[in-house]
2 protein chains.
Amino acid sequence: MRRWLLAMLLGAGPALADGPLSLSAMGSFHIGGREAVVAGKVVKEVTLVPGSVPVRVDPNGTYQVEQLYVHYAIPAPLRGKAPLLLWHGGGLTGVTWESTPDGREGWQQYFLRQGWAVYVSDAVERGRAGWAMYPEITAGEPLFLTKADPWERFRIGPGLGSYRTRTALPGTQFPVEAYDHFTRQLVPRWTTSDQAILAAYRAELEKLGPAVVLAHSQGGLFAFRAAQALPAKVRALVLIEPSGFGEPTPEALAALRDIPVLALYGDFIDQDARWPQIRQRGLDFYSRLRAAGGSVDVIALPERGIAGNSHMMMMDRNNRAVAQLVQDWLAAKGLWE
Amino acid sequence: MRRWLLAMLLGAGPALADGPLSLSAMGSFHIGGREAVVAGKVVKEVTLVPGSVPVRVDPNGTYQVEQLYVHYAIPAPLRGKAPLLLWHGGGLTGVTWESTPDGREGWQQYFLRQGWAVYVSDAVERGRAGWAMYPEITAGEPLFLTKADPWERFRIGPGLGSYRTRTALPGTQFPVEAYDHFTRQLVPRWTTSDQAILAAYRAELEKLGPAVVLAHSQGGLFAFRAAQALPAKVRALVLIEPSGFGEPTPEALAALRDIPVLALYGDFIDQDARWPQIRQRGLDFYSRLRAAGGSVDVIALPERGIAGNSHMMMMDRNNRAVAQLVQDWLAAKGLWE
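No experiment lies behind these values; they were computed from the predicted model shown. (Residues numbered from 1 in each chain as written. Chains lettered and ligands numbered in written order. Predicted model: local features only at pLDDT ≥ 70, side-chain atom pairs only at ≥ 80, totals over all residues. Heavy atoms only, no water.)

Structural notes on the confidence of the model for chain A
All names here are of chain A. This prediction gives chain A a mean pLDDT of 94; 95% of its residues lie at or above 70. Counted against residues more than four places away or in other chains, residues 10–16, with its pLDDT under 50, gives 14 contacts. Predicted complex, confidence summary: ipTM 0.94, pTM 0.95. (pLDDT = per-residue confidence, 0-100. Contact = heavy atoms within 4.5 Å.)

Shown next as structure tokens:
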């Protein structure tokens, strides 16, 4: 093997451990969104590349905005009975599901190796979905996350103030030595774009469903609401520590009746400032859903003897063990052969 | 074959025409960048997900900024003698190299099928690289492209005013029926970030080189300058209609002496308002480079009987024929076996 490749693969962890990955197709597309018109702005002459020919840049006109980016990889042979859509959380992109910050395989690769057609998306105004002029097109302003924020809020360290000393929760599974690398994948986000994001996810489901949706954190809001809008397009919902939930009306709850739901929770929740309440909101929603005839399985990882998981369990050291729980549940629901 | 997969693949063009793609590894990482500190801003309470627990968002603190995003796929068997790095142009991301807007395979897949280890990046402040607070961290302000702009500037239509009527250049190879879809991949860009982008590309070369760099448009600036800074890390440079070039000093030109260069140009240049000058700047640079002992091959596609290519030749209808020219040139330079 070539030296550069060997060095890269060693640096990237045990990528070869499972042998080659056979794909029948790989590619990407954008979906959803709308046109938006901006008027009344000054036309400029801009030199885009030093020394090059200036170009007239007229910011007035029509923009294509609020689309979703979707990367797909289809393994051969195919064993999942529906496409698996991976929806990331707030302040992040589809990179969440790719390699872990310390270079091990992520859930994208894990589920490809199990034979699932995997669709990794970047939500509206994140990553390769692009973002639009604000406040003209997207209301409000973007929110930027400091390096300290996820450490203290994603249960890597014990809350506010813990980043300064890089104090981690005892027994954390998060690869803390790669935390700096993890923070390179943070992106700005808005808090005003929920409806646009939901519309684009619905467009994805219309195109690819019936599908299994696996959503993280903020993605839970969109997964539940997209499924309530298009229940026939969703075979199952897997929620990784969702921070948002579905509409609680009787009709909206009834729409989820035939969609099995799995919700996973990591460790250190009881001692956190916010997570007990977020989890309780989830438990309340699941109770309502069950009362409406729905089926919800909740797994608290510590109760299964799996300790130390952060909010980013798809990149924790034991990310494969956690993925295996999801895989086993999907197989038990008859969605894998 | 499952109905949903068949429909997806038919919709995505002849993805299966070449049979399965065997990968020994696939994943991503970020590289480069720096920490930046922001101070003096107001702390806010923000509700990130409707109905959820408010969170204290303190914009003051340290940010990780100016990193590059890199996606890699390593085919088996490997035939390229060096990694192939694909660097996109201005207003775009690595999506440039993935599926074409009308769903055919892009150059990422083409070169994987030829046995190259392919690294597709998103430059600093574009796509999955994320972007930073401005003007506090990134000077100036972002530039947004209207839907009309690439149509009129990338030689799809005959210049200013041609988008309104969707008038295309006669015989264009650009898949004009998918132009709306193409505009979904546009992203904002700055004109003040060249040094940060160059630094991140240098970090990529330090990690992965010696490599072949294939760069489009604005990427040409970074490809030439990164190679001038790190000539031992570059085996060859392939430029697709570069809009920026290297330093013209004798030392900087001499640094490129042992690096073979290929520059490709499409059709309709003579009738364009800006491209004759941009091409001339390139031809002048190549002359200087040859005079300094360098080797530059320039291919004007129409002179090879390949007509109708736009600035986005990697997604034009004949994108495989154009890629084949690059592949043949790399093989002739001894970089493929």
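More follows now that the structure is in view.
Notes on the interface of chain B and chain A
On the side of chain A, 103 residues touch chain B, which itself brings 104 residues to the contact. Counting the surface chain B buries against chain A, the share from its top three residues, B:Arg128, B:Trp131 and B:Arg184, is 10%. For the pair chain B and chain A, the number of links is eight salt bridges. The partner of B:Lys44 in a salt bridge is A:Glu141, and the shortest N-O contact between them spans 2.7 Å. Taken together, the residues of the side of chain B that touches chain A break down into 53 nonpolar, 32 polar and 19 charged. Judged from the three bridges that link them, strand S1 (residues 21–31) of chain A and strand S1 (residues 21–31) of chain B form a sheet pairing that is antiparallel. Its bridge partner lying in S1(B), A:Leu21 is registered against B:Leu23. (Buried area = accessible area lost by both parts, 1.4 Å probe. Salt bridge = Lys/Arg side-chain N within 4 Å of Asp/Glu carboxyl O. Nonpolar A, V, L, I, M, F, W, Y, C, P; charged D, E, K, R; others polar. Pairing = 2+ DSSP bridges. Helix = DSSP H or I, 4+ residues; strand = E, 2+ residues; numbered from the N terminus.)

Describing the pairing of strand S12 (residues 296–300) of chain A
Looking at chain direction, strand S11 (residues 261–265) of chain A and S12(A) are connected through five bridges and run parallel. Note that in S12(A) the partner of A:Tyr265 across the bridge is A:Ala300.

A look at the nonpolar core
Core analysis: the largest hydrophobic core is formed by 94 residues, its most contacted members being A:Trp107, A:Phe111, A:Leu214, B:Trp107, B:Phe111 and B:Leu214. Excluding anything up to four places from it in sequence, B:Leu214 contacts B:Leu84, B:Leu85, B:Leu86, B:Trp87, B:Trp97, B:Trp107, B:Phe111, B:Val238, B:Ile240 and B:Val326. (Core = buried A, V, L, I, M, F, W, Y, C linked by side-chain atoms within 4.5 Å. Buried < 20%, exposed > 50% of the residue type's maximum accessible area, 1.4 Å probe, protein only.)

Considerations on the pattern of salt bridges
A complete count under the given rule lists 34 salt bridges over all chains for this structure. The closest approach of N and O atoms between A:Arg126 and A:Glu125, which form a salt bridge, is 2.9 Å. Overall, the relative accessible area of 1% leaves A:Arg126 in the buried class. Across the pair A:Arg128 and B:Asp122 runs a salt bridge, and its minimum N-O distance is 2.9 Å. In this pair, A:Arg128 is assigned in the loop between strand S8 (118–122) and helix H3 (148–153) and B:Asp122 in strand S8 (residues 118–122), connecting two distinct chains. Across the pair, exposure class does not vary: A:Arg128 and B:Asp122 are buried alike. Because the salt bridges share partners, they merge into one network encompassing A:Glu35, B:Lys147, B:Arg166 and B:Asp180.

Overview of unusual backbone geometry
A cis amide bond, omega 0°, links A:Gly209 with the succeeding residue A:Pro210. Note that A:Pro210 resides in the loop between helix H5 (194–208) and strand S9 (211–216). Cis geometry is found at the peptide bond from B:Ala76 to B:Pro77, where omega equals 0°. Note on placement: B:Pro77 falls in the loop between strand S6 (68–75) and strand S7 (84–87). The phi angle at A:Glu66 is positive, at roughly 65°, despite the residue not being glycine. Its location among the elements puts A:Glu66 in the loop between strand S5 (61–65) and strand S6 (68–75). Its relative accessible area of 19% is what places A:Glu66 among the buried residues. Within the chain, B:Phe268 stands out as a residue other than glycine whose phi angle is a positive 65°. Mapping B:Phe268 onto the fold places it in the loop between strand S11 (261–265) and helix H8 (275–291). Of the residues examined, B:Phe268 reaches a relative accessible area of 9% and is grouped as buried.

Brief notes about helix H6 (residues 219–229) of chain B
Among the eleven residues that make up H6(B), nine are buried, leaving the element largely enclosed by the rest of the structure. Looking at H6(B), one finds that the buried residues are B:Gly219, B:Gly220, B:Leu221, B:Phe222, B:Ala223, B:Phe224, B:Ala226, B:Ala227 and B:Gln228.

A word on the side chain of B:Asn319
Residue and element names in this part refer to chain B. Mapped onto the secondary structure, Asn319 falls in helix H9 (residues 319–332). Judged by its relative accessible area of 3%, Asn319 is buried. Looking at Asn319, its side chain comes within polar contact range of the main-chain oxygen of Met314, at 3.1 Å. For Asn319, the residues in contact, after removing those within four places along its chain, are Thr100, Arg104, Glu105, Gly106, Trp107, Met313 and Met314. (Polar contact = N/O pair within 3.5 Å; in protein donor to acceptor, adjacent residues only side chain to side chain.)

Structural notes on the environment of A:Pro54
Take A:Pro54: it is sitting in the loop between strand S3 (44–46) and strand S4 (55–57). Leaving out residues up to four positions away in the same chain, A:Pro54 has contacts with A:Glu45, A:Val46, A:Thr47 and B:Arg274.

As for the relation of the copies chain B and chain A
Superposition record for chain B on chain A: RMSD 0.0 Å, screw rotation 180°, translation along axis 0.0 Å. The transformation relating the two chain copies, once decomposed into turn and shift, fits a two-fold axis. The fraction of interface residues of chain B whose copies in chain A are also interface residues reaches 99%, indicating that both copies meet through the same surface. (Least-squares fit on C-alpha atoms with pLDDT ≥ 70 in both.)

Details of the environment of A:Glu125
Residue and element names in this part refer to chain A. With respect to the helices, strands and loops of the structure, Glu125 is situated in the loop between S8 and H3. Owing to a relative accessible area of 5%, Glu125 belongs among the buried residues under this scheme. Leave out the neighbours within four places in its chain, and Glu125 touches Gly130, Trp131, Pro188, Arg189, Trp190, Ser193 and Ile197. At 2.5 Å, the side chain of Glu125 and the side chain of Ser193 are in polar contact.

Structural notes on H5(A)
A rise of 1.5 Å per residue sets the reference length of H5(A), with its 15 residues, at 21 Å; its end C-alpha atoms lie 21 Å apart and thus fit the reference within 8%. Along H5(A), the residues that are buried comprise A:Asp194, A:Ala196, A:Ile197, A:Leu198, A:Ala200, A:Tyr201, A:Glu204, A:Leu205 and A:Leu208. (Expected span 1.5 Å × (residues − 1).)

Describing the packing of aromatic side chains
Tallied over the entire structure, the rule returns 45 aromatic pairs over all chains. Here the aromatic rings of A:Trp131 and B:Phe144 are separated by 5.3 Å at their centres, their planes lie at 85°, and the arrangement is edge-to-face. On the criterion of chain membership, the pair formed by A:Trp131 in the loop between S8 and H3 and B:Phe144 in the loop between S8 and helix H3 (148–153) is interchain, its members lying in two chains. With a relative accessible area of 10%, A:Trp131 lands in the buried category. Among the residues examined, B:Phe144 registers a relative accessible area of 12% and is labelled buried. Every member of this aromatic cluster is reached through a ring pair, and the members are A:Trp131, A:Tyr134, A:Phe144, A:Trp190, B:Trp131, B:Tyr134, B:Phe144 and B:Trp190. The aromatic ring of A:Trp151 is capped on one face by A:Arg166, whose charged end is 6.0 Å from the ring centroid. The side chain of A:Lys207 reaches across the aromatic face of A:Phe29, ending 4.9 Å from its centre. (Phe/Tyr/Trp six-rings, centres within 6.5 Å; stacked < 30°, edge-to-face > 60°. Lys NZ or Arg CZ within 6 Å of the ring centre and 35° of its normal.)

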